[in-house]
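Per-entry structural report
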2 protein chains.
Amino acid sequence: MRHFVVHGHDAPTTADFDLSDLAGGAGRLDVLCRCVGAGLFLSHGVREDVRVSLVLADELTVRFEGSEIRYLNPDERNIAGMVRKAIGATDRAIGHREAEPSPGVYVSKRGFAPTVEAAARGGTVVQLHEDGRPLADVEPPETPVFVLSDHRDFTDAEASLLADASDERVRVGPAVLHADHTIAVAHNYLDTRGYTRY
Amino acid sequence: MRHFVVHGHDAPTTADFDLSDLAGGAGRLDVLCRCVGAGLFLSHGVREDVRVSLVLADELTVRFEGSEIRYLNPDERNIAGMVRKAIGATDRAIGHREAEPSPGVYVSKRGFAPTVEAAARGGTVVQLHEDGRPLADVEPPETPVFVLSDHRDFTDAEASLLADASDERVRVGPAVLHADHTIAVAHNYLDTRGYTRY
């Protein structure tokens, strides 16, 4: 299992946003949608061993399960529609329990900390950090959890929590990439078992 | 300079498509838009040494120059708007000459073959092929040209032309990726000089 957690700091938490204005009125939800696409899609199918958790403004978490997902297309608008439907089902998520508004799509009232802490219990948290080890030098974990941020940096509190939860600190290269491009790089690193198997 | 050429086999060649239906009525233009984003964008800026050429249905080519581009955001809808504006300027592109409807965005009446042949004269064409060498084993070229397809495979004629134009044949891993994810992987390979510099 590979798990990608992405925090959308400005993401919407109510379902009244416009699918035609994802980059503006919907708080850069476009970035998060591309992360879901990069996490879940192969050229002709879905990666079944992948989970993507979108944390929306530290209030909600929408979880996509590759093994269960149906009716998802890789374009931003389609994925944003799934997110909007999930947000609209929040009233059915009581406490930290999840609702499942679409097959393989779950929503809960969890912010960043509980989502990262739960992910850390189920896998090896890999922190992306400019002072980390080169990705190519690190043995790929069996159950990696990559935690990423949207167009904003992590807050100090988030970075501190992430440092505590992390088992490994890596950097993916000299350039600072968008979260979705980082996910594509991470998948390739895992697919090739650290660039050794093609 | 890095150059990515992407052929959108079903892409629109007239400007009357709906920006809210990129994956359907606009012939999977969403894929091409994500390729432009993956090609041009860093986390906080544009890659100035990158060119992305979208071939639309073997009829038109829209070229994005990273060093000249203005007013481009990484969401699909924004990029699709740029493509639509470029298509709308086609009547100002006479023969193989280009029009420049937006800064750094050029359109010409070139199909796949002339675009690939021109790219090959300016760089080292790298063909992505399941029988190619592992990407990590190949020395990164100075001026690589990656030629990719959208959600369809290359036709036999295109594959043959590409094989003739190619200097190197590589595979990026055991999984078959979307074109935009392949571009993210290729950039990381080049950024790290073949996974040696982080």
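Residues numbered from 1 in each chain as written. Chains lettered and ligands numbered in written order. Predicted model: local features only at pLDDT ≥ 70, side-chain atom pairs only at ≥ 80, totals over all residues. Heavy atoms only, no water.

If you rotate chain A by 180° and push it 0.0 Å along the axis, it lands on chain B with an RMSD of 0.0 Å. What the rotation and shift describe, once combined, is the action of a two-fold rotation axis. For chain A, the minimum C-alpha distance to the rotation axis belongs to Val185(A) and amounts to 2.7 Å. Here 100% of the contact residues of chain A are again contact residues in chain B; the copies associate through an equivalent surface. (Least-squares fit on C-alpha atoms with pLDDT ≥ 70 in both. Contact = heavy atoms within 4.5 Å.)

Attention now goes to the UniProt feature "binding site: S-adenosyl-L-methionine" (unreviewed entry) in chain A. Residues and elements named next belong to chain A. With numbering matched to this structure, UniProt assigns "binding site: S-adenosyl-L-methionine" (unreviewed entry) to Leu128. Take Leu128: it is sitting in strand β8 (residues 124-134). The class of Leu128 is partly exposed, set by a relative accessible area of 24%. What Leu128 contacts, discounting residues up to four positions off in sequence, is Phe146, Val147, Leu148, Val170, Val172 and Thr182. (UniProt positions renumbered as here; feature names shortened; annotations may be inferred. Helix = DSSP H or I, 4+ residues; strand = E, 2+ residues; numbered from the N terminus. Buried < 20%, exposed > 50% of the residue type's maximum accessible area, 1.4 Å probe, protein only.)

A separate point is the packing of aromatic side chains. Applying the stated criterion to the full structure yields seven aromatic pairs over all chains. Each ring, one from Phe4(A) and one from Phe146(A), has its centre 5.5 Å from the other, and the planes form 15°; the classification is stacked. Placement of the pair is Phe4(A) in strand β1 (residues 2-8) and Phe146(A) in strand β9 (residues 144-149), with a sequence separation of 142 residues. Since its relative accessible area comes to 0%, Phe4(A) is described here as buried. A connected cluster of aromatic rings, assembled from ring pairs, spans Tyr189(A), Tyr195(A), Tyr189(B) and Tyr195(B). The lysine or arginine in question, Arg63(A), covers the ring of Tyr106(A), its NZ or CZ lying 4.2 Å from the ring centre. Seen from the ring of Phe17(B), Arg84(B) lies directly overhead, with NZ or CZ sitting 5.9 Å from the centre. (Phe/Tyr/Trp six-rings, centres within 6.5 Å; stacked < 30°, edge-to-face > 60°. Lys NZ or Arg CZ within 6 Å of the ring centre and 35° of its normal.)

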